[in-house]
Amino acid sequence: MSFANLFLTRPARPADPAPLPDVPSPSGSRAADARRALLAEIGEFFETHDLALTATNLATICGGLSGSHPELAQAFAAREMAGEPIDQRWLDTLARLDPDGHARIAALETLTDKLEYALMRFAQTARSAQTETSDHRGALGVQIEAMGEITVPAPAASEFERVLDLSQAMLARIASVEAAMERSQQETEKLRENLAKARVEADVDHLTRLPNRRAFERRLVSAAIAARAKGEPLSLAFCDVDHFKVINDTHGHEAGDRVLCALAATLTEHAGDSCFVARHGGEEFVLLFYGMGKDAARFRVDA
């Protein structure tokens, strides 16, 4: 479903809906069906417009598609009806319309933290259990080997052989469980690695590969705290591309993307260790100068 159709056909969700009667919801209820449909629409929208799956994008698109943020839904509808592309650059600027976006992103980050912690604890438990299982298997193997060398009188020989066979079967089963635990531990570690990569990607602009606005805002807070504690200056500069819309309209969005990438590379090359460069959104970039007053920072920008 397009945002244009969505905005024209679906009423906005009220900010504070009236409480519903406290009755149990049957399986397959309308609410559950609506949630599944919304998830499907969000996934289809990401794929259709080839958008990066980041927390910011998810919060913005969910706010528009769900109807919980009418301004976002209206902006998407107008964009589609005008035939303009819904790309990452435009989505970055649109995110500013969502005053609750940061709260939703913070909630997603909290959930991610909990997931990462749960995976870590599971990996630790699996590793400990695997070690204990391996030790038990080794001890049992020694005992079974010793039992095999025992000569048992004929009346009890058959029962002894039966116990020995059961012990060997148990040993094989323990080895199988140990192998399964090893695979589970490897899969858990892989999940943790993928989660860590996803968190890094969430702070990177997909086009220029510079830190994005979210990463910049966090860096600004930490840098300001450090500068105040050390009594050092901290300067901030914004730069953008003049007449960027003309470039897009005349030469196409791919040419505009190349201009942004070239500017990002130039800023990074000349930034040095004392400057943090990020893409703030659209054609706007931001430079954070550590230990520099405004005059020194202005000189660096103009150089």
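All of these numbers come straight from a predicted model, not from anything done at the bench. (Residues numbered from 1 in each chain as written. Predicted model: local features only at pLDDT ≥ 70, side-chain atom pairs only at ≥ 80, totals over all residues. Heavy atoms only, no water.)

(A) The confidence of the model for the protein chain, seen in detail. When the pLDDT values of the protein chain are averaged, the result is 78; 84% of them are 70 or greater. The secondary structure element of the protein chain with the lowest average pLDDT is helix α1 (residues 3–9), at 42, and the one with the highest is strand β3 (residues 284–290), at 93. In the model, residues 1–27 has pLDDT below 50 throughout and makes 32 contacts with residues more than four positions away in sequence or in other chains. (pLDDT = per-residue confidence, 0-100. Helix = DSSP H or I, 4+ residues; strand = E, 2+ residues; numbered from the N terminus. Contact = heavy atoms within 4.5 Å.)

(B) Here's a closer look at the packing of helix α9 (residues 244–251) against helix α10 (residues 253–271). It is at 6 Å that the axes of α9 and α10 come closest, and there the two elements cross at 140 degrees. Our classification of the angle between α9 and α10 gives oblique. Taken together, the residues of α10 that come into contact with α9 (itself represented by F244, I247, N248 and H251) are H253, A255, G256, V259 and L260. Counted by class, the contact of α9 with α10 contains five nonpolar, four polar and no charged residues. (Axes fitted to C-alpha atoms, helices over the stretch in contact; angles between N-to-C directions. Parallel < 35°, antiparallel > 145°, perpendicular 65-115°, else oblique. Nonpolar A, V, L, I, M, F, W, Y, C, P; charged D, E, K, R; others polar.)

(C) Examining the nonpolar core more closely. The biggest cluster of nonpolar side chains holds 15 residues, and the ones touching the most others in it are C275, V277, F285, L287 and F289. Those elements that place two or more of their residues in this core are α10, β2 (275–281) and β3. When residues of this core are assigned to their parent elements, the largest contribution, four residues, is made by α10. Aside from chain neighbours lying at most four places away, what touches C275 is L287, L288, F289, Y290 and R300. L51, L65, A75 and F76 belong to the second-largest nonpolar core, a separate cluster that totals 14 residues. (Core = buried A, V, L, I, M, F, W, Y, C linked by side-chain atoms within 4.5 Å. Buried < 20%, exposed > 50% of the residue type's maximum accessible area, 1.4 Å probe, protein only.)

(D) Structural detail: the packing of aromatic side chains. Enumeration over the complete set of coordinates arrives at two aromatic pairs. Between F45 and F76, the ring centres sit 5.6 Å apart and the planes meet at 85 degrees, which makes this aromatic pair edge-to-face. With a gap of 31 residues between them, F45 in helix α2 (residues 30–48) and F76 in helix α4 (residues 70–81) connect regions that are remote in the sequence. Given a relative accessible area of 5%, F45 falls into the buried group. When the centroid spacing of 5.3 Å and the interplanar angle of 85 degrees are considered together, the rings of F76 and W90 count as edge-to-face. (Phe/Tyr/Trp six-rings, centres within 6.5 Å; stacked < 30°, edge-to-face > 60°.)

(E) Representation of the pattern of salt bridges within the structure. Applying the stated criterion across every chain, the model contains six salt bridges. Residue R214 pairs with D203 through a salt bridge whose shortest N-O separation is 2.9 Å. Within this pair, whereas R214 is found in helix α8 (residues 213–230), its partner D203 is found in the loop between α7 (154–201) and α8, the two being separated by 11 residues in sequence. Residues R279 and D205 are paired through a salt bridge, measuring 3.0 Å at the closest nitrogen-oxygen approach. With R279 in strand β2 and D205 in the loop between α7 and α8, this pair connects stretches of sequence that are 74 residues apart. Side by side, R279 and D205 carry an identical accessibility label, which is buried. In this structure, a network of salt bridges that share partners links the residues D203, R214 and R218. (Salt bridge = Lys/Arg side-chain N within 4 Å of Asp/Glu carboxyl O.)

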